[in-house]
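Observations on the model geometry
This is what each chain is made of:
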Amino acid sequence: MNKDKNQKHGCVFIIHAAFETMLVDALARSLERIFPSLDFFVSSLHDSLNPGDVWWDKIRENSGDLEMQKNLEYPKMVLVCISRQSISKPGILFESGIGLGCGAKLLPVIIDDLPVSELDLPLSMFQAFTLKTDGFQRLVDRIANTTGVLVERDLVNLEASSL
């Protein structure tokens, strides 16, 4: 493991519906504290996007950090946060497809009581994760396994209790 704590080891892109920003932001901030060597990018929280911008290109352009640009170009993982209210949103599927096109591992994360059986293609092709039943610890383990980044268990327990 690299001893430079400021060096980033990849990006996890988090896709969600805009009306779920508060919940997803809390989740992302917890994950950032657990994985300080990963960039967690929540597109709805990016200030430099204007109406009509091609968000994927604009995000990469506006990142002054060359390492961040590389990480956003090739994210290691895409978390697709979905719920009963957001499952039918076309933007969720569109953004998921972009993540897959970059070669990222895609993980549908159900954030409410939506049954897995209600997922449609292409999300139904992937083993979904239900945050309420599978647990935060299991999500952290999946991110760690996919990115190869180690975590401190005490920190995971602390963050899980705050969600």
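Details of the structure are given in the entry above.
Remember, predicted model here, so these are calculated numbers, not experimental data.

Focus on the overall build of the protein
Scanning the protein for helices and strands turns up seven helices and five strands. For the protein, the sequential pattern of α-helices and β-strands runs β-α-β-α-α-β-α-β-β-α-α-α. Taken over 163 residues, the protein has a buried fraction of 42%. Long-range contacts, defined as pairs at least 24 residues apart, comprise 71% of the intrachain contacts of the protein with a sequence gap of at least 6.

A short note on unusual backbone geometry
Glycine aside, a negative phi is what most residues show, and trans is what most peptide bonds show. The omega torsion of the bond from L121 to P122 falls at 5°, within 30 degrees of zero and hence cis. Here P122 shows up in the loop between β4 (105-110) and β5 (129-130).

Brief notes about the packing of aromatic side chains
Taken as a whole and assessed by the stated rule, the structure comprises two aromatic pairs. Consider the rings of F13 and F41, whose centres lie 5.3 Å apart with planes at 20°: the pair is stacked. Of the two residues, F13 is situated in strand β1 (residues 11-15) and F41 in strand β2 (residues 39-42); the sequence distance between them amounts to 28 residues. What makes F13 buried here is its relative accessible area of 2%. By relative accessible area, which is 6% here, F41 ends up buried. With centroids separated by 6.1 Å and ring planes inclined at 45°, the aromatic side chains of F35 and F40 adopt a geometry described as tilted. We note that F35, like F40, is buried.

Notes on the sheet that holds β1
Read across the sheet, five strands follow the order β2-β1-β3-β4-β5 without closing on themselves; strand pairing throughout is parallel. Only two strands of the sheet have a single neighbouring strand rather than two, namely β2 and β5. Set on the sheet, helix α1 (residues 21-34) makes contact with β1, β2 and β3 (77-82); between it and β2 the angle comes to about 170°.

Some thoughts on the packing of α1 against helix α6 (residues 136-147)
The angle between the axes and the distance between the axes are what describe a pair of packed helices. Closest axis-to-axis distance for the α1/α6 pair is 12 Å, and the angle between their directions is 55°. Taken together, α1 and α6 sit at an angle that is classed as oblique. Handedness of the crossing formed by α1 with α6: right-handed. In this structure, α1 contributes L27, S30, L31 and I34 to the contact, and α6 contributes F136, L139, V140 and I143.

Considering α1
Helix length check: α1 (14 residues) gives 20 Å between terminal C-alpha atoms against 20 Å at 1.5 Å per residue, within 8%. Where α1 is concerned, the buried positions are T21, V24, L27, A28, S30, L31 and I34.

Some details on the pairing of β4
The buried count for β4 comes to five of six residues, which makes it a mostly enclosed element. Relative to β4, β3 is paired through six bridges, and the arrangement is parallel. Its bridge partner lying in β4, L79 is registered against L107. Between the parallel elements β3 and β4, the chain passes through helix α4 (residues 90-101) in a crossover that is right-handed. In the sheet, β4 pairs with β5 via two bridges, with the strands oriented parallel. Considered in β5, the bridge of I110 is made with T130.

A word on the environment of L106
Relative to the helices and strands, L106 resides in strand β4. Judged by relative accessible area, which is 7%, L106 ranks as buried. For the pair L106 and F13, spaced 93 residues apart in the sequence, the C-alpha separation amounts to 9.6 Å. The residues contacting L106, other than those within four sequence positions of it, are V78, V80, S96, L100, L123 and F126.

How each quantity is defined
Residues numbered from 1 in each chain as written. Predicted model: local features only at pLDDT ≥ 70, side-chain atom pairs only at ≥ 80, totals over all residues. Heavy atoms only, no water. Helix = DSSP H or I, 4+ residues; strand = E, 2+ residues; numbered from the N terminus. Buried < 20%, exposed > 50% of the residue type's maximum accessible area, 1.4 Å probe, protein only. Contact = heavy atoms within 4.5 Å. Phe/Tyr/Trp six-rings, centres within 6.5 Å; stacked < 30°, edge-to-face > 60°. Pairing = 2+ DSSP bridges. Axes fitted to C-alpha atoms, helices over the stretch in contact; angles between N-to-C directions. Parallel < 35°, antiparallel > 145°, perpendicular 65-115°, else oblique. Left-handed = near helix turned anticlockwise from the far one by under 90°. Expected span 1.5 Å × (residues − 1). Right-handed = clockwise from strand over helix to strand, strands pointing away.

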